[in-house]
Amino acid sequence: CIKSLLTFWCQHHYIHIMPYTQKKHATVRQKSKPALATRELDYLFRALNALPTETEFQRFNQARLRWAVTLMLHLGLRIQELITLNMSAFHQQPDQDNLWQINIRAQDVLPITADVLIALYDFRQIMGWQPNYPDNTRVENDRPLIPRNRTGHARLSQQNLRIQLNNLFKCAADILAVEEP
C-alpha cells in the first residue's frame, strides 16, 4: 500500500526520488507515435490556411491557432500547458551551442526544433513583439504563450482554445470529406 502511494507520487511529480530505492526517476517525456498521419496534417494546415483573414482579429486568430497547433504537434504540449506557459519558458543554453529549449515544469525541459523556432519567430513578428526571439531580460516575456488578444497581456482560456481547435479539426474533416468522399 505504501509502495503504491509512493509510486503514484513519483509518477505525478510530487516527489522525484523513490525513498525505498534511492533512484531518481527521469522526468523526460516518452516519445509517442504521432496522433495524425502526414495526410491528415496536410488537411489540418489547409484548414488553417482557409480561415478568414479579412479583419485584423481574423489574421491574429489564424496566427494564434497556427502557433498553438505547431507547439502541440512538434513539442507534444497539452492544452493546459499552452495556456499556462509564458514566453519566458523559452531560453537558450549557452553551454550547449546556444540550443533553444522550453521549460514545461521545473525539471521537464524540451529541446526546440527548427520548425518551432521558425514558428516562434513568425508569431512574435505578427504580434509586433521585439526582439523576434524571447530575451529573458525583457519584461515582455511575462506574456502568455497563447494570448487572448493582440496586446498579449491576457491568457486565452482553456475552453476557448478547445473550441477553436475543435472547429479547426471540423473544418479539416469537412475538407477531407469533400475531396475524398
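Attention in this report is confined to the structure presented alongside it. Quantities reported herein were computed from a predicted structural model and do not represent experimental measurements.

### Considering the overall build of the protein
So, point 1. For the protein, the helix and strand inventory stands at 6 helices and 3 strands.
So, point 2. From first element to last, N terminus to C terminus, the protein shows the α and β order α-α-α-α-β-β-β-α-α.
So, point 3. The burial tally for the protein puts 36% of its 181 residues in the buried class.
So, point 4. For the protein, long-range pairs separated by at least 24 residues make up 52% of all intrachain contacts whose partners lie at least 6 apart in sequence.
So, point 5. Summed over its atoms, the accessible surface of the protein is roughly 11,300 Å², and 55% of this surface lies on carbon and sulfur atoms.

### Some thoughts on the nonpolar core
So, point 1. Counting 40 residues, the largest nonpolar core has W67, L71, L77, F90, I102 and L145 as its most contacted members.
So, point 2. Of all the elements in the fold, those that place two or more residues in this core are α2 (38-50), α3 (56-75), α4 (79-84), β2 (99-105), α5 (114-127) and α6 (158-179).
So, point 3. Of the residues forming this core, the biggest block, 8 residues, is contributed by α3.
So, point 4. Contact partners of I102, with chain neighbours within four places excluded, come to L75, L77, L85, A89, F90, D108, V109, L110, I112 and L145.

### Quick notes on the packing of aromatic side chains
So, point 1. As enumerated under the stated definition, the model contains 3 aromatic pairs in all.
So, point 2. Note on F57 and F60: the rings are 6.1 Å apart at their centroids and 50° apart in plane angle, and the pair reads as tilted. In this pair, F57 and F60 are both assigned in helix α3, 3 residues apart and thus about one turn of the helix distant.
So, point 3. Ring geometry for W67 against F123: centres 5.5 Å apart, planes inclined by 10°, an arrangement best described as stacked. Remark: F123 occurs in helix α5 and W67 occurs in helix α3; sequence separation between them is 56 residues.
So, point 4. Look at W67 and you get buried, because its relative accessible area is 2%.
So, point 5. The class of F123 is buried, set by a relative accessible area of 2%.

### Structural notes on the environment of E180
So, point 1. The residue E180 is located in the segment after α6 in this model.
So, point 2. With a relative accessible area of 39%, E180 lands in the partly exposed category.
So, point 3. There is a polar contact of 2.7 Å between the side chain of E180 and the side chain of Y43.

### Section: α5
Note that an α-helix has 3.6 residues per turn; residues three or four places apart therefore point the same way.
So, point 1. Taking 1.5 Å of rise per residue, 14 residues should cover 20 Å, and α5 covers 20 Å from first to last C-alpha, within 8% of that figure.
So, point 2. Buried residues belonging to α5 abut α3, β1 (90-93) and β2.

### Topic: the pairing of strand β3 (residues 108-111)
So, point 1. Only one face of β3 is covered, namely the one carrying D108 and L110; the face carrying V109 and P111 has none of its residues buried.
So, point 2. Examined bridge by bridge, β2 and β3 share 4 bridges and lie antiparallel to one another. Following the sheet pairing, N103 is matched in β3 by V109.

### Some words on the pattern of salt bridges
So, point 1. Enumeration according to the criterion identifies 4 salt bridges in this entry.
So, point 2. Put simply, E179 and R46 hold a salt bridge, and the shortest N to O gap is 2.2 Å. Residue E179 is found in helix α6, and its partner R46 is found in helix α2; the two are separated by 133 residues along the sequence.
So, point 3. Overall, E179 belongs to the partly exposed group, its relative accessible area being 40%.
So, point 4. A relative accessible area of 30% means that R46 is categorised as partly exposed.
So, point 5. Across the pair R78 and E81 runs a salt bridge whose closest N-O atoms are separated by 2.7 Å.
So, point 6. R78 sits in the partly exposed class, given a relative accessible area of 46%.
So, point 7. Connected through shared salt-bridge partners, D42, R46 and E179 make up one network.

What counts and what doesn't
- Residues numbered from 1 in each chain as written.
- Predicted model: local features only at pLDDT ≥ 70, side-chain atom pairs only at ≥ 80, totals over all residues.
- Heavy atoms only, no water.
- Helix = DSSP H or I, 4+ residues; strand = E, 2+ residues; numbered from the N terminus.
- Buried < 20%, exposed > 50% of the residue type's maximum accessible area, 1.4 Å probe, protein only.
- Contact = heavy atoms within 4.5 Å.
- Areas by Shrake-Rupley, 256 points an atom, 1.4 Å probe, with all protein chains shown as cover.
- Core = buried A, V, L, I, M, F, W, Y, C linked by side-chain atoms within 4.5 Å.
- Phe/Tyr/Trp six-rings, centres within 6.5 Å; stacked < 30°, edge-to-face > 60°.
- Polar contact = N/O pair within 3.5 Å; in protein donor to acceptor, adjacent residues only side chain to side chain.
- Expected span 1.5 Å × (residues − 1).
- Pairing = 2+ DSSP bridges.
- Salt bridge = Lys/Arg side-chain N within 4 Å of Asp/Glu carboxyl O.

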